[in-house]
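The primary structure of each chain is shown beneath.
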Number of protein chains: 4
Amino acid sequence: MSEKKSILNVTVWNEYRHERNEQACHDVYPDGIHGCIKSFLDPDPTLNVRLAALDDPEQGLPDEVLNSTDVLLWWGHMAHHEVSDALVEKIRDRVYRGKMGLIVLHSGHHSKVFKAVVGTNGNLSWGRDQNEIVWNLLPGHPITAGIPDHFELFEELYCEPFYVPQPDELVFGSWFEDGFIFRSGLCYYRGAGKVFYFQPGHEYDRSFYNPYVRRIIQNAVKWAAPNEIVYPIENGCPCIQYKLNDKFGQ
Amino acid sequence: MSEKKSILNVTVWNEYRHERNEQACHDVYPDGIHGCIKSFLDPDPTLNVRLAALDDPEQGLPDEVLNSTDVLLWWGHMAHHEVSDALVEKIRDRVYRGKMGLIVLHSGHHSKVFKAVVGTNGNLSWGRDQNEIVWNLLPGHPITAGIPDHFELFEELYCEPFYVPQPDELVFGSWFEDGFIFRSGLCYYRGAGKVFYFQPGHEYDRSFYNPYVRRIIQNAVKWAAPNEIVYPIENGCPCIQYKLNDKFGQ
Amino acid sequence: MSEKKSILNVTVWNEYRHERNEQACHDVYPDGIHGCIKSFLDPDPTLNVRLAALDDPEQGLPDEVLNSTDVLLWWGHMAHHEVSDALVEKIRDRVYRGKMGLIVLHSGHHSKVFKAVVGTNGNLSWGRDQNEIVWNLLPGHPITAGIPDHFELFEELYCEPFYVPQPDELVFGSWFEDGFIFRSGLCYYRGAGKVFYFQPGHEYDRSFYNPYVRRIIQNAVKWAAPNEIVYPIENGCPCIQYKLNDKFGQ
Amino acid sequence: MSEKKSILNVTVWNEYRHERNEQACHDVYPDGIHGCIKSFLDPDPTLNVRLAALDDPEQGLPDEVLNSTDVLLWWGHMAHHEVSDALVEKIRDRVYRGKMGLIVLHSGHHSKVFKAVVGTNGNLSWGRDQNEIVWNLLPGHPITAGIPDHFELFEELYCEPFYVPQPDELVFGSWFEDGFIFRSGLCYYRGAGKVFYFQPGHEYDRSFYNPYVRRIIQNAVKWAAPNEIVYPIENGCPCIQYKLNDKFGQ
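Scoring rules and cut-offs
Residues numbered from 1 in each chain as written. Chains lettered and ligands numbered in written order. Predicted model: local features only at pLDDT ≥ 70, side-chain atom pairs only at ≥ 80, totals over all residues. Heavy atoms only, no water. Helix = DSSP H or I, 4+ residues; strand = E, 2+ residues; numbered from the N terminus. Rg over C-alpha atoms; globule rule 2.2 N^0.38 Å. Buried < 20%, exposed > 50% of the residue type's maximum accessible area, 1.4 Å probe, protein only. Areas by Shrake-Rupley, 256 points an atom, 1.4 Å probe, with all protein chains shown as cover. Lys, Arg positive; Asp, Glu negative; His and termini not counted. Charge placed at Lys NZ, Arg CZ, Asp CG, Glu CD. Least-squares fit on C-alpha atoms with pLDDT ≥ 70 in both. Axes fitted to C-alpha atoms, helices over the stretch in contact; angles between N-to-C directions. Parallel < 35°, antiparallel > 145°, perpendicular 65-115°, else oblique. Contact = heavy atoms within 4.5 Å. Salt bridge = Lys/Arg side-chain N within 4 Å of Asp/Glu carboxyl O. Pairing = 2+ DSSP bridges. Disulfide = S-S within 2.5 Å. Right-handed = clockwise from strand over helix to strand, strands pointing away. Buried area = accessible area lost by both parts, 1.4 Å probe. Polar contact = N/O pair within 3.5 Å; in protein donor to acceptor, adjacent residues only side chain to side chain. Nonpolar A, V, L, I, M, F, W, Y, C, P; charged D, E, K, R; others polar.

**Side note on the overall build of chain A**
Of the regular secondary structure elements, chain A holds seven helices and nine strands. Computed over C-alpha atoms, the radius of gyration of chain A comes to 19 Å, within 12% of the 18 Å expected from 2.2 N^0.38 for 250 residues, which places it in the range of a compact globule. Once the C-alpha set of chain A is aligned to its principal axes, its extents read approximately 70 × 40 × 35 Å. The buried share of chain A, taken over its 250 residues, is 68%. For chain A, the exposed area adds up to about 8,100 Å²; of that, 51% sits on carbon and sulfur atoms. In chain A, which carries 23 positive and 34 negative side-chain charges, the distance between the mean positions of the two groups comes to 8 Å.

**Considerations on the relation of the copies chain A and chain D**
Take chain A, turn it by 180 degrees, move it 0.0 Å along the axis, and it overlays chain D with an RMSD of 0.0 Å. Given the turn and translation reported, the copies of this chain are related as if by a two-fold rotation axis. The position closest to the rotation axis in chain A is occupied by the C-alpha of Gly119(A), lying 1.9 Å away.

**Focus: the packing of helix α3 (residues 32-41) of chain A against helix α7 (residues 211-224) of chain A**
All names here are of chain A. At their nearest, the axes of α3 and α7 sit 10 Å apart, and the two run at 75 degrees to each other. Classed by the angle they form, the pair α3 and α7 counts as roughly perpendicular. Contacts from Cys36, Ser39, Phe40 and Leu41 in α3 reach Arg214, Ile217, Gln218 and Val221 in α7.

**Comments concerning the pattern of salt bridges**
Counted according to the given criterion, the structure contains 56 salt bridges over all chains. For Arg183(A), the salt bridge identified is with Glu160(A), shortest N-O distance 2.9 Å. Here Arg183(A), found in strand β8 (residues 180-190), pairs with Glu160(A), found in the loop between β6 (150-159) and β7 (169-176); they are 23 residues apart in sequence, far enough to count as distant. Take Glu160(A): its relative accessible area is 2%, and that puts it in the buried class. For Glu228(A), the salt bridge identified is with Arg215(C), shortest N-O distance 2.8 Å. Residue Glu228(A) is located in the segment after α7, and its partner Arg215(C) is located in helix α7 (residues 211-224); the two belong to separate chains. Through salt bridges with shared partners, one network takes in Arg17(A), Arg20(A), Asp55(A) and Glu82(A).

**Quick word on the environment of Leu124(A)**
Checked against the element boundaries, Leu124(A) lands in the loop between α6 (112-119) and β5 (125-136). Residues Leu124(A) and Phe114(A), ten residues apart in the sequence, show an inter-C-alpha distance of 13 Å. The contacts of Leu124(A), once residues within four sequence positions are left out, are His109(A), Tyr158(A), Cys159(A), Pro161(A), Phe162(A), Phe182(A), Gly236(D), Cys237(D) and Pro238(D).

**A look at the sheet that holds β6(A)**
Residue and element names in this part refer to chain A. Strand order across the open sheet formed by nine strands is β2-β1-β3-β4-β9-β8-β7-β5-β6, with mixed pairing between neighbours. The sheet is open, and its two borders are formed by β2 (47-53) and β6, each paired with just one other strand. Across this sheet, the average inter-strand angle for adjacent strands is 25 degrees, counted without regard to direction. The sheet contacts of α3 involve β1 (8-14), β2, β3 (71-75) and β4 (101-105), and relative to β2 the element is tilted by about 180 degrees. Sheet contacts for helix α5 (residues 85-96): β3, β4, β8 and β9 (193-198); angle to β9, the most-contacted strand, approximately 115 degrees.

**Considering the state of the cysteines**
With the rule as written, the count across this model stands at zero disulfides over all chains. Considering cysteine sulfurs only, Cys36(D) is the nearest to Cys25(D), which forms no disulfide, with 11 Å between them. Among the residues examined, Cys25(D) registers a relative accessible area of 0% and is labelled buried. Between Cys239(D), a free cysteine, and Cys159(A), which holds the nearest cysteine sulfur, the sulfur-to-sulfur gap is 9.3 Å. On the accessibility criterion, Cys239(D) (32% relative accessible area) is partly exposed.

**Here we look at the sheet that holds strand β7 (residues 169-176) of chain C**
Residues and elements named next belong to chain C. Spatial ordering of the open sheet is given by β2-β1-β3-β4-β9-β8-β7-β5-β6, a layout of nine strands whose pairing is mixed. Unpaired on one side and paired on the other, β2 (47-53) and β6 (150-159) mark the two borders of the sheet. With strand direction ignored, the average angle separating the axes of adjacent strands in the sheet is 25 degrees. In this structure, strand β4 (residues 101-105) lies alongside strand β9 (residues 193-198), joined through four bridges in parallel fashion. Paired with Leu102 across the strands is Val195, a residue of β9. Relative to the sheet, helix α3 (residues 32-41) contacts β1 (8-14), β2, β3 (71-75) and β4, its axis offset from that of β2 by approximately 180 degrees.

**Points about the pairing of β4(C)**
Residues and elements named next belong to chain C. The buried fraction of β4 is high, at five of five residues. Residues of β4 alternate between two faces, with Gly101, Ile103 and Leu105 on one and Leu102 and Val104 on the opposite face, all of them buried. Here β3 pairs with β4 via four bridges, running parallel. Of the residues in β4, the one forming a bridge with Trp74 is Val104. Note that the unit made of β3, helix α5 (residues 85-96) and β4 has a crossover that is right-handed.

**Digging into the interface of chain A and chain D**
Each side of the interface is counted separately: chain A has 45 residues, and chain D has 45 residues. Summed over both partners, the interface of chain A with chain D buries about 3,300 Å², with 54% contributed by carbon and sulfur atoms. Broken down residue by residue, the surface that chain A buries against chain D is led by Trp126(A), Tyr163(A) and Cys237(A), which jointly contribute 17%. Here chain A and chain D share zero salt bridges between them. Run the count over chain A and chain D and you get 22 residue pairs in polar contact (both at pLDDT 80 or more). Put simply, the parts of the chain that give the side of chain A that touches chain D at least two residues each are α5, α6, β5, β6 and β8 of chain A. Here the side of chain A that touches chain D gets five residues from one element, more than from any other, and that element is α6(A). Tallied by class, the residues present in the side of chain A that touches chain D amount to 21 nonpolar, 15 polar and nine charged.

Nothing here speaks to function; it is all geometry.
Structure follows, in structure tokens:
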């Protein structure tokens, strides 16, 4: 059982291969994509931000880290298949039991984690980098707080068909100059937890420096944080041994 | 109480002012937009299609017509305010009680009927005619049967923000060449009835001649048809005078 | 345009007839249902709570009150028809433009306000007061923060079929001892605003003294509060006079 | 690419252990639960119904069967863990690519198939057999065609919290005499396919003889059938090599 927390433990997980192996990518994100994300989350005194990477021990998420994480951000691309199934199952379980929110960024759409947690093959179409306009489709939603009706990015093309479940809330949709659209911001309730998928974040583009992308991720961390759940949620199907209505004296 | 019907009574309601008063519009739709729609629904022997127009007696929908209509299609634009509130209330009631499906086309987004039935102000932004690409977002849905992953139209710009409720099913989304997107095909359950909104259909453009637009409207008529409801649905709040569980002999 | 507010102006609107005219009801809520609700919202220093009643001048919501209200709570029953259509339209507009959240309680399901804002006839079935068990269906949702998996009330029977739109989030469902169920906590995004419907609150029962009901309403006030919207939302359909993609230098 | 089919190939998969090993269960379903289901689907001349069981070769679903199945029904309970992960992956892929609909019955909530396809741990609470009242929550939905507003069963208790994603359509909800409720009929769009979960069907109870349960399953088979999809859907992320808007001659 959890009390509402004054400090959120945020873990930014990054595959962290592109930035180390490709100069063009390193030039954009010298501290890694995760390092860049940490830099704009850190100023918030209510967040305690840690970094994790695929090539760290235990793929960056040993139990003591995972089990103290309130919100997990996930960026992966070329090495999805290397992530251990056991780790995916632990993440999935933690989200479903409401212990942790999950934010999946860009090419994470094809990660084992996203596919397993949300229930999708994660398939989409993609293409050359180009101009994108992100549209705010749900101005009442906490993730759109402070975001204008639209803003522009230069991004890798991600486009429909995107074979995801209809989201509980479709927050952003995007226009791409070559004639394509994409549902680019998606909220899912899963089990007792929450998941946000957000499309921007190609490793050669500068979206994580965009102030609106930053604000959206900041908002999403707060939105995805675990709720104050005051009863135990285990992974199992408890057997009810009593009549709940006995107390009514029928 | 209704049995599943072998013949659907379809009424195509059209404001029918533009086509009579503007040559350019008359040239595109010489029999009116409603006449054009009837022409591609008529070949289906399971449909009995009637026409109705604002300037007909009782605004085209006297009780004997309305009360025998299974699916109502609605196109209006310049004269939304002329439609009688009493008629709107009758339509709303018939949809909510599951007697009739409703398909709202193009500028009908701002009709009293759409706003009252769905719960919206119907507001959107709009602009010059331009190239549109309609994307199929839900290939498993009956309204997308036979529709490719995308198709092209030349249409009036309709764009986000579109202040509609999140639909039960978001079926189509559209790209517009000037940098805009629009949720262009929306399914709503309302009461015991169903509503489909579809964006194409500007009075000067030829969308109602497009084979995919035609197929979508044909599909939507079948989707929106009243369900086989085997219990009475009145407009009111019945008082329950018994314990349903008495029969269990507690 | 609005900044995120540190203080929320909450107006609790009550029909306030039962409590003045019926002794049994007065005995339960001597200060009115609205007074009782105010009493458990007032301790929160971030809320500025005002009372409004049908028989107050301008039905309790003159423009200066309505236009400074961030969250409106609504309880009505016997006098729904007396509420002015013009006032309903003002409330609907304010919610749709994201200026105000709306919380509708108990018999407010049949109010003009609920029906117009959400898009429903508000119909349900009802019956004798009895034992109710409220089930928490979405433990990750902010409105269920601090609420157990279930809790008990003694309430007027409200039961399915409830002819409301499928909610964006179904938060609570209720069991009633006579054999009935009810979707008892419903979240709706409408326009740029948010609406919560909550079933408990019969004028002769003591639900507004229940600590979980109180916590839920406290949570709902925070959830329904207007978002930080940084662009103008008027009631109308603006015409776009430019190509958004011109800046890309195509 | 598929044409709309005049005949649907339906495969009823059953774990088929209880009925062979437990007399009480054999007495209720002497031909197995799958045999009983086949018996009430067979009279429909548009359905071609086959049986499959866990202990059949290749767990009942060799490729030639699976790849010619339009709708798969799934009943499992004590041997969920025996179902091969490779088979689960094939089923999941076929549903996501819109080749096959999936109907999961009763204790199938905890099957690998349901958990993987929908994105859930499938957890619920359960208890003794008792009186259940199933309520029709969406009378406009094709799965409720011909179903009254409620009907009664005697069933194993399944109750909330049920840790499933919010469904696209919540079709049925159930009251249980001991004080519990359950979301008992759930529709999910997943990828290009459709999934229906339905709670009745305990191996010792007679729900599959109930005429409403039978009608619901008949309706669900039609609802879940693959759509007429006219473009290829492979399992992968195609790269777009062209500008779709080039044809517009910008």
